[in-house]
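Here is what each chain is made of, one letter per residue.
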Number of protein chains: 2
Amino acid sequence: MAREFEPDIPDIVIRRLPLYVRTLRALADSDVANVSSDDLADEIGVTAAQIRRDLSYFGKFGKQGKGYDTRSLEQAITQILQLDREWPVALAGFGSLGHAIAHYRGFGPSSFRIAAIFDRNPDKVGEPLGEIAILSDQCMTSEIRRLGIEIGIIAVPAAEAQEVANAMIDGGVQSILNYAPIVLKTPPNVRVREIDPIWALQTMTYYLGVGS
Amino acid sequence: MAREFEPDIPDIVIRRLPLYVRTLRALADSDVANVSSDDLADEIGVTAAQIRRDLSYFGKFGKQGKGYDTRSLEQAITQILQLDREWPVALAGFGSLGHAIAHYRGFGPSSFRIAAIFDRNPDKVGEPLGEIAILSDQCMTSEIRRLGIEIGIIAVPAAEAQEVANAMIDGGVQSILNYAPIVLKTPPNVRVREIDPIWALQTMTYYLGVGS
DNA sequence: GTCCGTTCGTGCACAAGTTCACAAGCGAGT
DNA sequence: ACTCGCTTGTGAACTTGTGCACGAACGGAC
Ligand SMILES: NC(=O)c1ccc[n+]([C@@H]2O[C@H](COP(=O)([O-])OP(=O)(O)OC[C@H]3O[C@@H](n4cnc5c(N)ncnc54)[C@H](O)[C@@H]3O)[C@@H](O)[C@H]2O)c1
Ligand SMILES: NC(=O)c1ccc[n+]([C@@H]2O[C@H](COP(=O)([O-])OP(=O)(O)OC[C@H]3O[C@@H](n4cnc5c(N)ncnc54)[C@H](O)[C@@H]3O)[C@@H](O)[C@H]2O)c1
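The numbers attached to residues start from 1 for each chain and follow its sequence in the written order. Lettering of chains starts at A and numbering of ligands starts at 1, both following the order in which they are written. It should be noted that, the model being predicted, local features are given only for residues of pLDDT at least 70 and side-chain atom pairs only at 80 or more, the latter also being counted only at that level, while totals for whole chains, interfaces and linings use all residues. Here the side-chain values reflect all heavy atoms present in the structure, with hydrogen atoms and water set aside.

Helix and strand counts for chain A stand at 8 helices and 10 strands. The buried share of chain A, reckoned over its 212 residues, is 48%. By the convention used here, residues are in contact when the closest approach between their heavy atoms is within 4.5 Å. Restricting the contact set of chain A to residue pairs at least 6 apart, pairs at least 24 apart contribute 57%. Numbering of helices and strands runs from the N terminus, with a helix taken as a DSSP run of H or I at least four residues long and a strand as a DSSP run of E at least two residues long. With a 1.4 Å probe rolled over the protein chains alone, any residue whose accessible area is under 20% of its type maximum counts as buried; one over 50% counts as exposed, and the rest are partly exposed.

Here we come to helix H4 (residues 70–80) of chain A. Within the sequence span of H4(A), burial applies to A:Thr70, A:Leu73, A:Glu74, A:Ala76, A:Ile77, A:Thr78 and A:Ile80. One or two positions beyond H4(A), positive phi appears at A:Gln82, with a value near 60°.

Another point: the site of ligand 1. Distances are taken per atom, and a residue is near a molecule or strand as soon as one of its heavy atoms is within 4 Å of it. Every one of the 21 residues lining ligand 1 counts as a neighbour, but A:Ser96, A:Leu97, A:Asp119, A:Lys124 and A:Val156 are closest to it. Around ligand 1 the close residues trace back to chains A and B. Nitrogen and oxygen atoms within 3.5 Å of one another constitute a polar contact, given that in protein one can donate a hydrogen and the other can accept it, and given that sequence-neighbouring residues count only through two side-chain atoms. A:Val156 is positioned such that a nitrogen or oxygen atom in its backbone is 3.1 Å from an oxygen atom of ligand 1. Protein coverage of the free-state accessible area of ligand 1, which is 830 Å², stands at 81%. No other element matches helix H7 (residues 158–171) of chain A, which puts 3 residues into the shell around ligand 1. Looking at the shell around ligand 1 residue by residue, the classes come out as 12 nonpolar, 4 polar and 5 charged. Here the Shrake-Rupley method, with its probe set to 1.4 Å, supplies the accessible areas, and only the displayed protein chains count as covering residues. The classification used treats Ala, Val, Leu, Ile, Met, Phe, Trp, Tyr, Cys and Pro as nonpolar, Asp, Glu, Lys and Arg as charged, and all other residues, Gly among them, as polar.

In this section: the protein's contact with DNA strand D. Not every one of the 24 residues close to DNA strand D is listed here, only the nearest: A:Ser37, A:Arg52, A:Arg53, A:Tyr68 and B:Arg53. Contact distances for DNA strand D include 2.8 Å between a base nitrogen and a side-chain N or O atom of A:Arg52. Elements with a contribution of two residues or more to the surface near DNA strand D: helix H3 (48–56), strand S2 (62–63) and strand S3 (67–69) of chain A together with helix H1 (11–29) and helix H3 (48–56) of chain B. Ranked by residues supplied to the surface near DNA strand D, first place goes to H3(B) with 4 residues. Looking at side-chain class alone, the surface near DNA strand D contains 5 nonpolar, 10 polar and 9 charged residues.

With that out of the way, let us pick up the domain arrangement of chain A. When its domains are assigned, chain A resolves into domain 1 (11–80) and domain 2 (87–199). Distance between the C-alpha centres of domain 1 of chain A and domain 2 of chain A: 32 Å. An automatic or database domain assignment provides the domain bounds reported here.

Take the site of ligand 2 next. Around ligand 2, the surrounding shell holds 21 residues, and the nearest of these are B:Ser96, B:Leu97, B:Asp119, B:Lys124 and B:Val156. Contact between ligand 2 and A:Tyr104: an oxygen atom at 3.2 Å from a side-chain N or O atom of the residue. Here an oxygen atom of ligand 2 and a backbone polar atom of B:Val156 are 3.0 Å apart. Computed on the free molecule, ligand 2 has an accessible area of 840 Å², of which 81% lies beneath the protein chains in the complex.

Our next topic: the protein's contact with DNA strand C. Around DNA strand C, a shell composed of 24 residues is seen, among which A:Arg53, B:Ser37, B:Arg52, B:Arg53 and B:Tyr68 lie nearest. Within 4 Å of the protein, the contacting atoms of DNA strand C are drawn from sugar and phosphate to the extent of 62%. Within the contact set of DNA strand C, a sugar or linking oxygen lies 3.1 Å away from a side-chain nitrogen or oxygen of A:Gln64. Those elements that provide at least two residues to the surface near DNA strand C are helix H1 (11–29) and H3 of chain A together with H3, strand S2 (62–63) and strand S3 (67–69) of chain B.

Residues and elements named next belong to chain B. Strands pair, by our definition, only if DSSP identifies at least two bridges between them. Here we have 3 strands laid out as an open sheet, ordered S1-S3-S2, and antiparallel in their pairing. A strand with exactly one partner marks an edge of an open sheet, and here the two such strands are strand S1 (34–35) and S2. Inspection of the sheet shows S2 paired to S3 by 2 bridges, in the antiparallel sense. Looking at the pairing, Lys63 lines up with Gly67 of S3.

The relation between the two copies of this chain is a rotation about an axis and a shift parallel to it. Here the copies are matched by least squares. The fit uses the C-alpha atoms of residues with pLDDT of at least 70 in both. In the superposition of chain A on chain B (RMSD 0.1 Å, axial shift 0.0 Å), the rotation amounts to 180°. Given the turn and translation reported, the copies of this chain are related as if by a two-fold rotation axis. Ranked by how close their C-alpha atoms come to the rotation axis, the residues of chain A are headed by A:Ile195, at 3.3 Å. A share of 100% of interface residues in chain A that are also interface residues in chain B marks the association as one of identical surfaces.

Glancing now at H1(A). End to end, H1(A) covers 28 Å across 19 residues, agreeing with the expected 27 Å (1.5 Å per residue, within 8%). Among the residues making up H1(A), those that are buried are A:Val13, A:Ile14, A:Arg16, A:Leu17, A:Pro18, A:Leu19, A:Tyr20, A:Val21, A:Thr23, A:Leu24, A:Leu27 and A:Ala28. At its buried positions, H1(A) is contacted by strand S1 (34–35), helix H2 (37–44), H3 and H4 of chain A together with helix H8 (197–202) of chain B. At the exit of H1(A) stands A:Asp31, carrying a positive phi of roughly 60°. A helix's residues, less one, multiplied by 1.5 Å, set its expected span.

This part takes up the pattern of salt bridges. Any Lys or Arg side-chain nitrogen found within 4 Å of a carboxyl oxygen on Asp or Glu counts as a salt bridge. Counted under the stated rule, the structure contains 27 salt bridges over all chains. The partner of B:Asp29 in a salt bridge is B:Arg71, and the shortest N-O contact between them spans 3.3 Å. With B:Asp29 in helix H1 and B:Arg71 in helix H4 (residues 70–80), the pair connects residues that are 42 residues apart, well separated along the chain. Since its relative accessible area comes to 56%, B:Asp29 is described here as exposed. A relative accessible area of 34% means that B:Arg71 is categorised as partly exposed. With a shortest N-O distance of 2.8 Å, B:Glu74 and B:Arg71 are connected by a salt bridge. Of the two residues, B:Glu74 and B:Arg71 are both situated in helix H4; the distance of 3 residues between them amounts to about one turn of the helix. Salt bridges here are not isolated pairs; linked through shared partners, they connect A:Asp11, A:Arg15, A:Arg191 and A:Arg193.

Moving on to the packing of aromatic side chains. All names here are of chain A. Stacked, tilted and edge-to-face are the three classes applied to pairs of Phe, Tyr and Trp rings, where Trp contributes its six-membered ring and a pair requires centres within 6.5 Å; stacked means planes under 30 degrees apart, edge-to-face means over 60, and tilted covers the rest. For the coordinates displayed, the defined rule picks out 5 aromatic pairs over all chains. Each ring, one from Tyr104 and one from Phe107, has its centre 5.5 Å from the other, and the planes form 80°; the classification is edge-to-face. Since its relative accessible area comes to 41%, Tyr104 is described here as partly exposed. A relative accessible area of 5% means that Phe107 is categorised as buried.

In structure tokens:
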């Protein structure tokens, strides 16, 4: 795979790529066949130079005087991000948040499928949901390993989150989406992204109330 | 207010502060009275130098040889971030996500209170929820202005999000927490933070599947 | 009172990330 | 075939952010 020969790509670039994919997809769906870095930059809210620099880490995708072919650039980035396949995901915690995640229909159209759900509460274990059933957290490591799952979502209380993360990592998980408001301690090969609305709000109050 | 004399603080520093507050609060609750930048750094997963540098933007909070007083540092940062008060928040969209947000009990203990909820669907308008009722999106701008709300949460479909953001901003909102998968166009004095689990997952697949 | 281990706050050097600016390439029009 | 307007890809300059390393300060031990 080509990716192995491009080892030094900054993480911050990788984080922007999904935004490019999303925007290009929207443009392509609106029958916009070509787009310049300038137009794309306007749409996304970054500079044109940044888009060109980001893409240059992976190759040459544009044509001078013309811009980029919307659909083929979208597909190129999709491939770079390995979004051209479906990833099975393990969900830990089937409380109110876990419930919402399991029913969220945004995963379907994207490249992710909830393939296993775990909860510690015996009342919830066994409950069927679509094609799968809720399993005991006891099985987490072995079931994740059996299914070859590499992505985990943590939706348990903060006090349990580290323990759950450890079990997932033991099973082979390398990417964790963490909804619990706690910093997980993980080995360097495991990547964690936080989803924390309170944190997000707390980063904005600083700026409030000064100007009118 | 002292803040007006510290104009050049990088946003990335502000984004870390809530993490410090959260961690200091947990330590104080465990009756840890003092903490060094080294210990705190371990807990949070950043370097000690970074913590000291971040804090130095705002003043001197530590004692040499001793470290920081856990509780008073927590309170100092809480004050810097203006989290020592309660902020009323407007929620737009009372679908499945909006429902989950409105019932999420994490806002209570923090500095935020859902003070108004808006939905376009006439069936939902009027429905009572705790102390408040769902209002029509027609009233959004005026009601937000009337209540002096400066923070908005967007939980409507992507196609409606920009329009809703505009209405909020017209009412005086300066901070938006956006759950819709779209880049909002806002004036420079308005700050937006994205909550998008799919995006977060898409930034991690790049790294998967190479090493075992 | 002095010593000594600890830890802060910060000047400075380095690293990372962004933007500028321009040569080169493309294609449409004549 | 040539010109011309447009846009890419990228070296180089610049900006921003991080980490090191050390003087200064604190407090406990003796
Ligand atoms: N509800 C929200 O909108 C929201 C938003 C952001 C973050 N969060 C965070 O997400 C977490 C969960 O929130 P919630 O509202 O769903 O709580 P909840 O109490 O409704 O659900 C937690 C679930 O996790 C299960 N659980 C506990 N320990 C477990 C373990 N070791 N293994 C497997 N399952 C286990 C429990 O049985 C329960 O079903 C919390 O940390 C919360 O702060 C929630
Ligand atoms: N459900 C999730 O877990 C989740 C997670 C992340 C992001 N999102 C995103 O959040 C958004 C909402 O998701 P959902 O599942 O709640 O959808 P939903 O269809 O259940 O709810 C949308 C609600 O918004 C209301 N609405 C529509 N236009 C409006 C307007 N102009 N003003 C006020 N209200 C309006 C609708 O009446 C409806 O009640 C979507 O953009 C989705 O992609 C959802």
